[in-house]
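Residues per chain are reported as follows:
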Amino acid sequence: MPQENEHVKCLIIGSGPAGYTAAIYAARADLKPVLYTGIVPGGQLTQTTEVENFPGYPDGVQGPQMMEDFRKQAERFGTDIRFGYVTSVNFSEDVHKVVIDGEHAITADTVIIATGATAKWLGLESEQKYNGFGVSACAVCDGFFFRGQDVAIVGAGDTAAEEATYLAKLANKVHMLVRRDEFRASKAMQHRVLNTPNIEIHYNTETKEIVGDGQNLTGVLIYNNQTLAERVLPVTGFFVAIGHKPNTELFQGILDMDINGYLITQPDSTRTNIEGVFACGDVQDHIYRQAVTAAGTGCMAALEAERYLAAKEYSMM
Ligand code: NDP
């Protein structure tokens, strides 16, 4: 529980692979980290089913179980894990101030931001119904489950293009649903898609509904937005690749961000533009977005926080 006028050496915001890994390293370095989980403890992985590509789990693991393992490991070394949502920050002074749930203010020498990103969804009820049962927002995570099958992917940006070509190596056929008559993806990525024989592109096409048997997805109801003609594409997998939204509203006007709102960190580092504030995981990575890369940058953030504190203490001696 937060105490009045609480001050900590290291405050971690977020409880996905990046936040928990930062906590494991910070706790073992005796920084006595306090971690606030946010509204979804465990982050995006708690909304997936099986994870097969995280090293150390030879038989795969359910996403929520894996995040439970991360949490236990962070706790084992003394991380103070608290359920709470950061509602405002003030990084304008040497000691950083963070307000939790609009009530409790905590000051911290270092802050590690691991608030992640949220996949954008089409917003269909049926999409959420079959999420994890044929619907996915991550081809690299779930494509393997659709080997030799027919799948559809929606989106026309670099992510969709990259994921479509990834899926094409595994699936029998990939239907790519593009809502306009052109791609948004870079020319190089488009070229790859157009030259992959088992990707069929459906231009001016939108998704009306996900079709299923109550358990698993069996197809998608699509329509041409010019002719309004509808039909069901028989597929067993449906990948949504229409972009992600980094969870950075809190830091607007405070931390440097790119045009899509991702936090900018210095090259080969998790340092932000504010001394003592570090960012790791999907909140600063729009390219890889994997649990293992998030964990890697979480480790970097804790090591950098530790070095920052050591240098600060040394300069005050
Ligand atoms: P983008 O915002 O670039 O693209 C989103 C795509 O989804 C657009 O084609 C958009 O269509 C489509 N879309 C959005 N909403 C809907 C909807 N409701 N129905 C159907 N389609 C929809 O997101 P990305 O994730 O692709 O890329 C984000 C950033 O990351 C970009 O800057 C990209 O270049 C970068 N990136 C770089 C990579 C790399 O360098 N290897 C890999 C992946 C991403 P429309 O075009 O009609 O708006």
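Residues numbered from 1 in each chain as written. Predicted model: local features only at pLDDT ≥ 70, side-chain atom pairs only at ≥ 80, totals over all residues. Heavy atoms only, no water.

- The protein chain is annotated in an unreviewed UniProt entry as Thioredoxin reductase from Parapedobacter defluvii.
- Looking at the Subunit (unreviewed entry) heading of the UniProt record, one finds this comment for the protein chain: "Homodimer."
- One UniProt comment on the protein chain, placed under Catalytic activity (unreviewed entry), says "[thioredoxin]-dithiol + NADP(+) = [thioredoxin]-disulfide + NADPH + H(+)". (UniProt positions renumbered as here; feature names shortened; annotations may be inferred.)

**What about the site of the ligand?**
Working step 1: Taken together, the neighbourhood of the ligand is formed by 15 residues, with Asp158, Thr159, Arg179, Arg180 and Arg184 sitting nearest.
Working step 2: Ala156 places a main-chain nitrogen or oxygen 3.2 Å from an oxygen atom of the ligand.
Working step 3: Between the ligand and Glu162, the relevant distance is 3.0 Å, taken from a nitrogen atom to a side-chain nitrogen or oxygen of the residue.
Working step 4: Protein burial of the ligand: of its 920 Å² of free accessible surface, 74% is covered by the chains.
Working step 5: In terms of residue count, the dominant contributor to the shell around the ligand is helix H5 (residues 158–168) (three residues).
Working step 6: For the shell around the ligand, the per-class residue count stands at four nonpolar, six polar and five charged. (Near = heavy atom within 4 Å. Polar contact = N/O pair within 3.5 Å; in protein donor to acceptor, adjacent residues only side chain to side chain. Areas by Shrake-Rupley, 256 points an atom, 1.4 Å probe, with all protein chains shown as cover. Helix = DSSP H or I, 4+ residues; strand = E, 2+ residues; numbered from the N terminus. Nonpolar A, V, L, I, M, F, W, Y, C, P; charged D, E, K, R; others polar.)

**Comments concerning the domain arrangement of the protein chain**
Working step 1: Examined at the domain level, the protein chain breaks down into domain 1 (3–118 + 244–315) and domain 2 (121–240).
Working step 2: Of note, the centres of domain 1 and domain 2, computed from C-alpha atoms alone, are 32 Å apart.
Working step 3: In this complex, domain 1 contributes eight residues to the contact, which on the side of domain 2 involves 11 residues.
Working step 4: Taking both partners together, domain 1 and domain 2 bury about 700 Å²; carbon and sulfur atoms supply 43% of that area.
Working step 5: Between domain 1 and domain 2 we count zero salt bridges in total.
Working step 6: At the surface where domain 1 touches domain 2, the tally comes to zero residue pairs in polar contact (both at pLDDT 80 or more).
Working step 7: Taken together, the residues of the side of domain 1 that touches domain 2 sort by class into no nonpolar, five polar and three charged. (Domains from an automatic or database assignment. Contact = heavy atoms within 4.5 Å. Buried area = accessible area lost by both parts, 1.4 Å probe. Salt bridge = Lys/Arg side-chain N within 4 Å of Asp/Glu carboxyl O.)

**What to know about H5**
Working step 1: Regarding H5, the residues found buried are Ala160, Ala161, Glu163, Ala164, Thr165, Leu167 and Ala168.
Working step 2: Along its buried surface, H5 packs onto helix H4 (139–142), strand E11 (150–154), strand E12 (173–177), helix H6 (187–194), strand E13 (199–202) and strand E17 (237–240). (Buried < 20%, exposed > 50% of the residue type's maximum accessible area, 1.4 Å probe, protein only.)

**Considering the layout of surface pockets**
Working step 1: The calculated volume of the second largest pocket comes to roughly 260 Å³.
Working step 2: Forming the boundary of the second largest pocket are 18 residues, of which Thr265, Gln284, Asp285, His286 and Tyr288 lie nearest the centre. (1 Å grid on protein atoms, 1.4 Å probe; cavity = no way out; pocket = protein on both sides within 12 Å on 5 of 7 lines; lining within 4 Å. Points joined across faces, edges and corners; volume = space filled by probe spheres on them.)

**Remarks on H6**
Working step 1: Along H6, the positions that sit buried rather than exposed are Met189, Gln190 and Val193. Within H6, the buried residues cover an arc of 100° as seen down the axis, which keeps them to one side. Residues Lys187, Ala188 and His191 are exposed on H6 and point more than 90 degrees away from its buried face.
Working step 2: On its buried face, H6 is in contact with H5, E12 and E13. (Arc of directions from axis to C-beta.)

**Digging into the pairing of strand E15 (residues 217–224)**
Working step 1: Sheet analysis places strand E14 (residues 205–212) next to E15, joined by seven bridges and oriented antiparallel. Along E15, the bridge assignment pairs Glu206 with Tyr223.
Working step 2: What sits between E14 and E15 in their antiparallel hairpin is a turn of four residues, with Gly214 showing a positive phi close to 95°.
Working step 3: Examined bridge by bridge, E15 and strand E16 (residues 230–233) share four bridges and lie antiparallel to one another. Across the sheet, Tyr223 pairs through a bridge with Glu230, a residue of E16.
Working step 4: Between E15 and E16, which pair antiparallel in sequence order, lie five residues; one of them, Leu228, sits at a positive phi of approximately 65°. (Pairing = 2+ DSSP bridges.)

**A look at the packing of aromatic side chains**
Working step 1: Under the definition given, this model contains six aromatic pairs.
Working step 2: A ring pair is formed by Phe91 and Phe251, whose centres lie 6.4 Å apart and whose planes are at 15°; its orientation type is stacked. Here Phe251 lies in the loop between strand E18 (244–246) and strand E19 (277–279) and Phe91 lies in the loop between strand E6 (86–90) and strand E7 (96–100), a separation of 160 residues in the sequence.
Working step 3: Cluster of aromatic residues (ring-pair linked, three or more members): Phe54, Tyr57 and Phe70.
Working step 4: Above the face of the Phe77 ring, Arg28 is positioned so that its terminal group lies 5.0 Å from the ring centre.
Working step 5: Positioned above the aromatic ring of Phe144, the side-chain terminus of Arg147 is 3.9 Å from the ring centre. (Phe/Tyr/Trp six-rings, centres within 6.5 Å; stacked < 30°, edge-to-face > 60°. Lys NZ or Arg CZ within 6 Å of the ring centre and 35° of its normal.)

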